[in-house]
Every structure is written in C-alpha cells, then in structure tokens.
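In case you want the letters, here they are:
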Amino acid sequence: MATKKSKILVFGGTGYLGKYIVKASISLGHPTLVYTRPLNSQTPPSKTQICNEFDSMGVTLVQGELEHDQIVPVIKKADIVICTLAYPQVLEQLKIIEAIKVAGNVKRFLPSDFGVEEDRISPLPPFQAFIDKKIKIRREIEAAGIPYTFVSANCLGAYFVNFLLRPYEKVKNIVVYGNGETKAILNYEEDVAMYTIKVANDPRACNRIVVYRPSENFITQNDLISLWEQKSGQNFNKDFVPGEELVKLSKTLPPPQDIPVALLHSIFVKGDLVNFDLGEDDLEASHLYPDYKYTSINQLLDIFLVDPPAPAFAAFG
C-alpha cells in the first residue's frame, strides 16, 4: 500500500529559489500549495507566467496577503510548510510562526534559511545584521515548539556562476574576491530543491540542521575560472578585489548595498562556508541520500554551455 504523500505549502513559491522548491515538490508526488500575493494588473508578466505554469502542473495557488486571518486556514490544509521569502521579508515569518502555532497541525516547518550556516559564522557587521534576523526566526521556532528542519544550502550554484563568471555578457575580465583561493560550495538549485523536499519529509531531519555539502561541489574562484576557460575555450583576465577593500566598502556603502560586499567577504575571503567541520551529530544532505545523483560543479558548467539557466537577478539571500 502506497504511503500517503504529505501536503506541502510554500510561501515565496514564485520567487527565485521558490520556483525550484515547488517543482521538486510536484515531481516527488506531493500535493503542493503556493501562497502568493493577489495577481492584478500590476503583477509582473514573469510572475503571471510562473503562476500559469504552476497551475498547469497541478499546483494549488492560493492568493492573499501575509495576514494572520488569511494564512491560518491555508496552513491548516498542509502537513509541511516551507518558506522561501526573500531577505526583506525575513521577519514576516513571525506571522507564519504565529499562524502555525494557532493552526496546530503542521508536522514540519522549514524557514527561509538556504544559505550559510548562520549559527556557526561571524561575518562583517552588515551581513551579521542580515544573519541576526534569520537567527531570530530560528530561535522563535524553537521557542514555539514547532517541529522544524533548518537548511544550510550554501551558495546557489547557477546564481553564483552567473554572478562570478558573467557567461551572458561575454566578458574578458572576471572579478575575483580576495586571492581566489578560498573554497566555496556551489549547489545547483534543482538539487537544493530536491534535497529540501526530501529532508522536509525525513524523520531523521526533524528538529535538526541539515547542511548541503556534496564533496564535488567545493571549489575556489580560481579553479572555477580555470574550469570555465577549459570548457568555453576562452581566456580571462582576473581583476582582484582584496579582502581589505571589501571590508572598507562594507563600512562606507549605504544599506542595503553594504550587505552583498559583506557576504562576498564572508564566502570568498573568510571561507565561512567551509571553516567548520561537520561532526558525527551533524547531518549532511549527500550522506543522507547517497543514491541521489546531484549535479557537480563540472556538470553545472556543462549546463551553461548547452542550455544555460536564465540569469538570476535576485538579491543576495
């Protein structure tokens, strides 16, 4: 007898990462709901197109504002709630937490993390202020006694390939942050989404942090550029931005422009994605699901050569 699939509700499902999460949920056979702001004449055509695509896939679209009396009835229809709201809306998740408490039926909540492992890093102040909001959400979830899984997905691979290599712009010069020798972790968005749906339904991941650290997805900027040169047949000049310059910019740029440079410093100068070891009690996605064939960085660059993902203009988050 087939196990009944959990119903998954996604907040932020029409956003950059949210689209991948929704498609992964559907592909794994879960009844999937997406809560979205009401569509009207001011809605960007790209969002309308996404909603039409979701509708054709069998996604249940629920339109409304992020208000308590509107979201509680929707949450009551779901077993699992996943949030992919962008950074400016991070603290809006307090409304979702309160609604989950009232609804009383949610088996797992995954808040909008999906980046660095925020409880283990100490970045420059602008990025720390960004992280503090996500940490606040984690602590509120724990205090509320809501079953959770916190996800540290590290860098979204296609986004960062677009950002670092500028493959659409036919550039001759590539900007390198720091000395280019610090390792980062780039995970393809489709894999991040698939892992996320898997951990959301996995009893082993309940009330745990899961880090996405597949062994083939560690790479330095210099190695990424070299690999892209080999595959594309191009040669690039490197424009190095010293770590000290990023520190200076993080202090002098006005908010929110100071956040991206502080994030770049955290990832590519300090190495915050890799400067801690995972212990026996830590959960790592590729170890949890060894049979899942994730996309290596090598394979991701091949995708850019053959059928490049659309450029991502989403803010860092």
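Residues numbered from 1 in each chain as written. Predicted model: local features only at pLDDT ≥ 70, side-chain atom pairs only at ≥ 80, totals over all residues. Heavy atoms only, no water.

**Points about the overall build of the chain**
Here's step 1: In terms of helices and strands, the chain carries 12 helices and 13 strands.
Here's step 2: The C-alpha radius of gyration of the chain comes to 20 Å, within 12% of the 20 Å expected for a compact globule of 317 residues.
Here's step 3: In terms of overall dimensions, the chain has a C-alpha envelope of 55 × 45 × 40 Å along the principal axes.
Here's step 4: A total of 317 residues make up the chain; the buried ones form 54% of that total.
Here's step 5: In the chain, the proportion of contacts linking residues at least 24 apart, taken out of those at least 6 apart, comes to 82%.
Here's step 6: Taken together, the 33 basic and 37 acidic charged side chains of the chain have centroids lying 4 Å from each other. (Helix = DSSP H or I, 4+ residues; strand = E, 2+ residues; numbered from the N terminus. Rg over C-alpha atoms; globule rule 2.2 N^0.38 Å. Buried < 20%, exposed > 50% of the residue type's maximum accessible area, 1.4 Å probe, protein only. Contact = heavy atoms within 4.5 Å. Lys, Arg positive; Asp, Glu negative; His and termini not counted. Charge placed at Lys NZ, Arg CZ, Asp CG, Glu CD.)

**Observations concerning the UniProt feature "domain: NmrA-like" (unreviewed entry) in the chain**
Here's step 1: Per the UniProt record, "domain: NmrA-like" (unreviewed entry) is found at residues 4–298.
Here's step 2: Within the segment residues 4–298, helix and strand shares are 43% and 17% respectively, and the terminal C-alpha atoms sit 37 Å apart. (UniProt positions renumbered as here; feature names shortened; annotations may be inferred.)

**Details of the side chain of Asn222**
Here's step 1: If you trace the backbone, Asn222 turns up in helix α8 (residues 221–232).
Here's step 2: In this structure Asn222 comes out as buried when scored by relative accessible area, which is 11%.
Here's step 3: Reaching out from Asn222, the side chain makes a polar contact with the backbone oxygen of Asn179 at a distance of 3.1 Å.
Here's step 4: Dropping the residues within four chain positions of it, Asn222 is found in contact with Val176, Asn179, Gly180, Glu181, Lys238 and Phe240. (Polar contact = N/O pair within 3.5 Å; in protein donor to acceptor, adjacent residues only side chain to side chain.)

**A short note on the environment of Val171**
Here's step 1: With respect to the helices, strands and loops of the structure, Val171 is situated in the loop between α6 (157–165) and β8 (173–177).
Here's step 2: Measuring from C-alpha to C-alpha, the distance between Val171 and Asn237 comes to 9.3 Å, with 66 residues separating the pair along the chain.
Here's step 3: Those residues in contact with Val171 that sit more than four places away from it in its chain are Leu165, Arg166, Gln234 and Phe236.

**Some points on the nonpolar core**
Here's step 1: Counting residues in hydrophobic clusters, the biggest one holds 106 residues, and the most contacted among them are Phe11, Ile75 and Ile96.
Here's step 2: Setting aside residues up to four positions removed in sequence, Ile96 forms contacts with Phe11, Leu66, Ile71, Ile75, Val81, Cys83, Leu85 and Phe109. (Core = buried A, V, L, I, M, F, W, Y, C linked by side-chain atoms within 4.5 Å.)

**A short note on the sheet that holds strand β6 (residues 149–152)**
Here's step 1: The parallel open sheet is built from 3 strands, whose spatial order is β6-β10-β13. Both edges of this open sheet fall to β6 and β13 (283–284), since each of them pairs with a single strand only.
Here's step 2: Relative to β13, strand β10 (residues 208–211) runs parallel, the two being bridged by 2 bridges. For Val211, the partnering residue across the bridge sits in β13 and is Glu284. (Pairing = 2+ DSSP bridges.)

**So, the pattern of salt bridges**
Here's step 1: This model, assessed by the stated rule, comprises 16 salt bridges.
Here's step 2: One salt bridge in this structure joins Asp202 and Arg204, with 2.7 Å as the shortest N-O distance.
Here's step 3: A salt bridge links Asp272 to Lys270; the shortest N-O distance between them is 4.0 Å.
Here's step 4: Several salt bridges converge on common partners, so that one network encompasses Asp113, Glu117, Glu118, Asp119, Arg138, Arg139 and Glu142. (Salt bridge = Lys/Arg side-chain N within 4 Å of Asp/Glu carboxyl O.)

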